[in-house]
Amino acid sequence: MDEDMLEDQRRLVELIEEEGWDVTDLEISAYDSPWADEDDPEATVTITARKPYESEGDEDDGDDDNPYRLK
């Protein structure tokens, strides 16, 4: 795999993490483009990330009957 592709992948992860996201999975696929006449490879990066958000309402939202809520 091309070192430039790996460096771009690292930079994308850094940018996402700088925004407060936690990268949980990453996949990079390098291939020769079937649409291009050139011999330069292309890459696809798939990133899965999570970011918790605090609710803006009161912590006690009145849903105490929810059987799945931890108390």
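Scroll up to find the structure this text is about.
Presented here is a report on the structure given in the accompanying data block.

Calculation criteria
Residues numbered from 1 in each chain as written. Predicted model: local features only at pLDDT ≥ 70, side-chain atom pairs only at ≥ 80, totals over all residues. Heavy atoms only, no water. Helix = DSSP H or I, 4+ residues; strand = E, 2+ residues; numbered from the N terminus. Buried < 20%, exposed > 50% of the residue type's maximum accessible area, 1.4 Å probe, protein only. Contact = heavy atoms within 4.5 Å. Salt bridge = Lys/Arg side-chain N within 4 Å of Asp/Glu carboxyl O.

### Topic: the side chain of Gln 9
So, step 1. Along the polypeptide, Gln 9 turns up in helix 1 (residues 3-18).
So, step 2. The exposure class assigned to Gln 9 is buried, which follows from its relative accessible area of 17%.
So, step 3. For Gln 9, the contacting residues outside a window of four places in its chain are Leu 26 and Ile 28.

### A closer look at the pattern of salt bridges
So, step 1. Counted according to the given criterion, the structure contains five salt bridges.
So, step 2. A salt bridge links Arg 10 to Glu 3; the shortest N-O distance between them is 3.6 Å.
So, step 3. A residue is classified by how much of its surface remains accessible, and Arg 10, at 40% relative accessible area, is partly exposed.
So, step 4. Three or more residues are tied together by salt bridges with common partners; here these are Glu 3, Glu 7 and Arg 10.

Purely spatial values, then, with no claim about function.
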